[in-house]
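Here is how the chains run, residue by residue.
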Amino acid sequence: MADPRIAVIGGSGVYKQSFLENAGEIKVETRFGGAVLKQGTFKGRTVYFMARHGGGHTIPPHLVNYRANIAALKKLNVDAVIATAAVGSLRRAMAPGTRVVIDQFIDFTRQRPLTFYEGEEGFVVHTDFSEPYCPGLRSLLLEVGKDLGQEMVNGGCYICTEGPRFETPAEIKMFESWGVDVVGMTNVPEVILAREAGLCYATIALPTNYAAGLSAEPLSQAEVLEAMEKDKPELEKLLMSVIAEIKPGFSCRCRDAGNNYPGEFNAK
Ligand code: HPA
């Protein structure tokens with residue numbers, strides 16, 4: 001049985017994976033534009049790494065070419081995607097340093113392309129999101145993280161704001177009343193496109209700060225990056241261990257729940 005092909009999408013503060021051997025940059029062309037990523041090996045298997053905001057953190061959340069990124073992974077026959085996402089926490093139980101393996105999202109974005117299916121195919125596609133994140137990958141992350149002694153939180157609701165500004169305290173109060181646990185700017189449409197493409201996809205949300213109005217300090221990008229930098233060695237341990245645990249035969253129903261987006265292969 002073939003090894004599953006795995007990709008890591010690194011968010012803020014996660015720009016490379018030092019454990020990848022023979023890592024080289026590749027560019028994949030898709031009909032949505034090009035995507036740049038690293039291809040390397042880990043324990044003998046091919047692993048891809050994509051820096052969501054670009055290697056030098058130059059692409060703001062609302063301008064990331066999410067469709068090109070996911071279409072590129074699909075084109076590379078990736079099976080499973082682990083994404084990291086820096087978030088603000090609305091809960092004391094999800095303090096900076098914990099890892100929230102989110103299981104729900106709310107879309108509060110405003111102006112991003114949200115689908116591969118824009119009607120050009122001549123049919124309409126409605127994708128099931130009863131279980132938005134891959135249950136198999138989520139369980140593995142929780143298991144592996146606990147074994148490593150990391151503080152894992154099973155489930156949480158992520159709200160995706162448009163950014164690039166941080167939220168107002170009034171917005172956070174409203175989100176809290178909606179049952180939101182963490183807030184970030186990038187998980188939508190990434191999670192949607194991954195499902196449309198039939199990829200297994202899970203996100204490790206990494207609280208770097210309490211959300212606006214919940215702490216006395218103003219929010220800053222520097223604070224987010226500093227927290228991510230501090231966490232890097234432990235996060236790499238978690239990623240390495242989970243990649244090693246995605247064994248041949250790993251499969252779940254994400255592949256069928258998605259529509260196996262064929263557009264990339266039909267496109268000019
Ligand atoms: N809000 C939105 N995105 C974030 C935050 C936040 O407080 N912290 C890290 N990413």
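A quick note: this is a predicted structure, and the numbers were derived from the prediction, not measured.

Visitor: Explain the pattern of salt bridges to me, and be specific about the residues and the numbers.
Guide: Taken as a whole, this structure holds 14 salt bridges when the rule is applied. Put simply, Glu-171 and Arg-165 hold a salt bridge, and the shortest N to O gap is 2.8 Å. Classification of Arg-165 as partly exposed rests on a relative accessible area of 49%. When the shortest N-O distance is used, the salt bridge between Glu-229 and Lys-232 registers 3.2 Å. Here Lys-232 and Glu-229 lie together in helix α5 (residues 221–245), a separation of three residues that amounts to about one turn. Since its relative accessible area comes to 48%, Glu-229 is described here as partly exposed. With relative accessibility at 30%, the residue Lys-232 sits in the partly exposed group.

Visitor: Break down helix α3 (residues 169–177) for me, citing the residues and quoting the values.
Guide: Residues of α3 that are buried include every one of Glu-171, Ile-172 and Phe-175, and no others. The buried residues of α3 occupy an angular sector of 100 degrees when projected down its axis, which confines them to one face. Residues Ala-170, Lys-173 and Ser-177 are exposed on α3 and point more than 90 degrees away from its buried face. Buried residues in α3 make contact with β7 (104–108), β9 (157–161) and β10 (182–184).

Visitor: Outline the pairing of β9, supporting the account with residue identities and numerical values.
Guide: Counting buried positions along β9 yields five of five residues, so the element is predominantly enclosed. Side chains Cys-157, Ile-159 and Thr-161 project from β9 onto one buried face, and the interleaved Tyr-158 and Cys-160 project onto a second face that is buried too. Alignment of β7 against β9, held across five bridges, turns out to be parallel. By the bridge assignment for β9, Asp-107 is matched with Cys-160. When β9 meets β10, the two strands line up parallel, connected through three bridges. Bridged to Cys-160 within β10 is Gly-184. Read as a crossover between parallel neighbours, the route from β9 over α3 to β10 is right-handed.

About the thresholds
- Residues numbered from 1 in each chain as written.
- Predicted model: local features only at pLDDT ≥ 70, side-chain atom pairs only at ≥ 80, totals over all residues.
- Heavy atoms only, no water.
- Salt bridge = Lys/Arg side-chain N within 4 Å of Asp/Glu carboxyl O.
- Buried < 20%, exposed > 50% of the residue type's maximum accessible area, 1.4 Å probe, protein only.
- Helix = DSSP H or I, 4+ residues; strand = E, 2+ residues; numbered from the N terminus.
- Arc of directions from axis to C-beta.
- Contact = heavy atoms within 4.5 Å.
- Pairing = 2+ DSSP bridges.
- Right-handed = clockwise from strand over helix to strand, strands pointing away.

None of this, on its own, says anything about what the molecule does.
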